Amino acid sequence: MITLIDGGVCAAAGFKAAGMHAGIRRNRAKSDLALVTSSVPAAAAAVYTQNRVQGAPIAITKAHLAASGGYANAIICNSGNANTCNPGGEAVAQDTCEALARALDIDSTSVVVASTGVIGEPLNPQPIITAIPQLTAALEASPAAAHSAAEAILTTDTHAKEVAVSFELSGPSGPVRCHLGAMAKGSGMIHPDMATMLVFITSDVAICPQMLQQALSTDVRTSFNMTSVDGDTSTNDTVAILANGLAGNTPIENPGEDFTEFMKALNTVTIHLCKMIAGDGEGATKLLECAVTGAAHDDDAKALAKSVITSSLVKTAMFGADANWGRVLCALGYAGVPIDPYGISVSFESRAGEITVCSNGVGIGFSEEKAKRILLEKEITIRVELSEGTAHATAWGCDLTYDYVHINGDYRS
């Protein structure tokens, strides 16, 4: 059984965290530097943005994981500056890693580094380097420390995003209790093509780097890659996971029952984060979910669900609580997937109930008043039923509001 627990990135054994204001952001009330460490070397895996313009930290993290053979001891992340499209950006990221390595007495290749914030503005490494002794001294294995780190990676987010679970895997003498914890940032520039925003996951499961990478790369296809706020794929998207083995389970080195259970626990964590990210979209008032069933193939279902969730017209209709189902069919029609328009049914669902608005590709009579009540709720599901096969997929997004333009119109100021 997979159980939700407290603790965030500190829920797993051997992990500590800290967050502080280092001086990268002008607002001293906002933390801007986060650190997560493992007491022992941890198997590490990561996925990154497919945007061809990438932040300098991604190049450094890729190089470090390659040099270390897929192991790491620490993750350091700053907010307020993306360290992207900057002269000397990779040197800044490397200097950060080396300063942290000295403070922790580890090799610099054992450090995963990430940045988020404004693109194209030089990042001065000195505030980070100066803050590292204080940051490492603040490390604790507590829910409060995990929350402090989660707050330090935020940009336009309105709240920290954390989740943790416990579950059982087999051990040498019987079942062993294991843990996964995570923190994420993401509110705007969210349309991942691999991973998403910034997500850092910790686990005390014993698993080899190759299987950990397989688990993460597989998971993002149905989690983060199915999340969209505004259709913009960030330059800095990174999802990284560390697993240090301190739970004492039988090491996972091949596919099998334990690997499947680990995948289920990982997906529980990532789906929770997807919903948090989508629901906290810049200016958003509603979390939207599009559930597609009856597609011919899995990839078709994914493309259709994501087309609906990214449609600006669907998003604005949901903001206005307008049951304009024609916009849903329009988004399905341009998704690039062969479908029978007369085999589509659409319904809207929320805590206020469910209402079918389209059957066999044509409108049917429905109560506009009931539809309005359903669409005024904070969480809405758009259900799309096709007649092509048995494949299904779910995507998550949010409504599009006036505030999205306001937030992004003066993002740098």
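Relevant structure appears above.
As a starting point, this report considers the structure included with it. Note that the structure is a prediction, hence the values are computed from the model and not measured. (Residues numbered from 1 in each chain as written. Predicted model: local features only at pLDDT ≥ 70, side-chain atom pairs only at ≥ 80, totals over all residues. Heavy atoms only, no water.)

With that settled, consider the overall build of the protein chain. Within the protein chain one finds 11 helices and 15 strands. For the protein chain, the C-alpha radius of gyration of 22 Å lies close to 22 Å, the compact-globule estimate for 413 residues. Principal-axis analysis of the C-alpha atoms gives the protein chain an extent of 70 × 55 × 35 Å. Here the protein chain, with 413 residues, has 56% of them falling under the buried criterion. Partitioning the intrachain contacts of the protein chain with sequence separation of at least 6 by distance along the chain shows that 80% fall at a separation of at least 24. With an accessible surface of roughly 16,400 Å², the protein chain has 50% of that area assigned to carbon and sulfur atoms. Counting 26 positive and 42 negative side-chain charges, the protein chain places the centres of these two groups 5 Å from one another. (Helix = DSSP H or I, 4+ residues; strand = E, 2+ residues; numbered from the N terminus. Rg over C-alpha atoms; globule rule 2.2 N^0.38 Å. Buried < 20%, exposed > 50% of the residue type's maximum accessible area, 1.4 Å probe, protein only. Contact = heavy atoms within 4.5 Å. Areas by Shrake-Rupley, 256 points an atom, 1.4 Å probe, with all protein chains shown as cover. Lys, Arg positive; Asp, Glu negative; His and termini not counted. Charge placed at Lys NZ, Arg CZ, Asp CG, Glu CD.)

Within soluble globular proteins, side chains that are nonpolar generally end up buried alongside one another. Counting residues in each nonpolar core, the largest one holds 77 residues, and the members touching the most others are Leu180, Phe262 and Phe348. Setting aside anything within four residues of it in sequence, one finds leucine 180 in contact with Val163, Ala164, Val165, Phe167, Ile201, Thr202, Ser203, Ile241, Phe262, Ala265, Leu266 and Val269. Counting residues in hydrophobic clusters, the runner-up holds 30 residues, among them Ala152, Met183, Phe200 and Leu242. (Core = buried A, V, L, I, M, F, W, Y, C linked by side-chain atoms within 4.5 Å.)

Here the focus is the pattern of salt bridges. Applying the stated criterion to the full structure yields five salt bridges. The salt bridge involving aspartate 157 is made with lysine 161; its shortest N-O contact spans 2.7 Å. Of the two residues, aspartate 157 and lysine 161, both sit in the buried class. A salt bridge links glutamate 369 to arginine 373, with the nearest nitrogen and oxygen atoms 3.6 Å apart. A residue pair is termed a helical-turn pair when its members lie 3 or 4 positions apart in one helix, as glutamate 369 and arginine 373 do in helix α10 (residues 368-375) at four residues. (Salt bridge = Lys/Arg side-chain N within 4 Å of Asp/Glu carboxyl O.)

Each strand in a sheet pairs with another by means of backbone hydrogen bonds, the pair being arranged parallel or else antiparallel. In space, the six strands of this open sheet follow the order β13-β12-β11-β14-β10-β15, with mixed pairing throughout. Each edge of the open sheet is held by one strand with a lone partner, namely β13 (362-363) and β15 (391-398). Packing against the sheet, helix α6 (residues 257-279) makes contact with β10 (287-295) and β15, and its axis sits at approximately 40° to β15. Sheet strands in contact with helix α7 (residues 298-310) are β10, β14 (379-385) and β15, and its direction is about 25° off that of β15. (Pairing = 2+ DSSP bridges. Axes fitted to C-alpha atoms, helices over the stretch in contact; angles between N-to-C directions.)

Once that is clear, we can look at the environment of alanine 149. Structurally, alanine 149 can be placed in helix α4 (residues 143-152). Judged by relative accessible area, which is 0%, alanine 149 ranks as buried.

So, on to the pairing of strand β2 (residues 15-20). Side-chain positions along a regular strand alternate between the two faces of the sheet. Extensive coverage of β2 is indicated by the burial of five of its six residues. Pairing of β2 with strand β3 (residues 33-48), which is carried by six bridges, proceeds in the antiparallel orientation. Looking across to β3, one finds that methionine 20 is bridged to leucine 33.

A word on helix α3 (residues 126-137). Where α3 is concerned, the buried positions are Ile128, Ala131, Ile132, Leu135 and Thr136. Buried residues of α3 fall within an arc of 140° about the axis and therefore sit on the same side. Exposed side of α3, more than 90 degrees from the buried face: Thr130, Pro133, Gln134 and Ala137 are the residues found there. Residues of α3 that are buried make contact with β2, β3, β4 (71-81) and α2 (89-104). (Arc of directions from axis to C-beta.)

The next subject is the pairing of β14. The sheet contact formed by β10 and β14 spans seven bridges and is parallel. Along β14, the bridge assignment pairs leucine 287 with glutamate 379.

Right, let's get into unusual backbone geometry. The backbone of cysteine 85 sits at a positive phi, close to 60°, despite the residue not being glycine. By the element assignment, cysteine 85 lies in the loop between β4 and α2. A positive phi angle, close to 60°, is found at aspartate 105, a residue other than glycine. With respect to the helices and strands, the residue aspartate 105 is situated in the loop between α2 and β5 (111-118). With a relative accessible area of 71%, aspartate 105 lands in the exposed category.

On to the packing of aromatic side chains, then. The final tally for this structure, using the stated rule, is one aromatic pair. Ring centres of phenylalanine 167 and phenylalanine 262 lie 6.5 Å apart, and the angle between their planes is 55°; this geometry places the pair in the tilted category. Of this pair, phenylalanine 167 sits in strand β6 (residues 161-171) while phenylalanine 262 sits in helix α6, and the two are 95 residues apart along the sequence. (Phe/Tyr/Trp six-rings, centres within 6.5 Å; stacked < 30°, edge-to-face > 60°.)

Any link to function would need more than the numbers given here.
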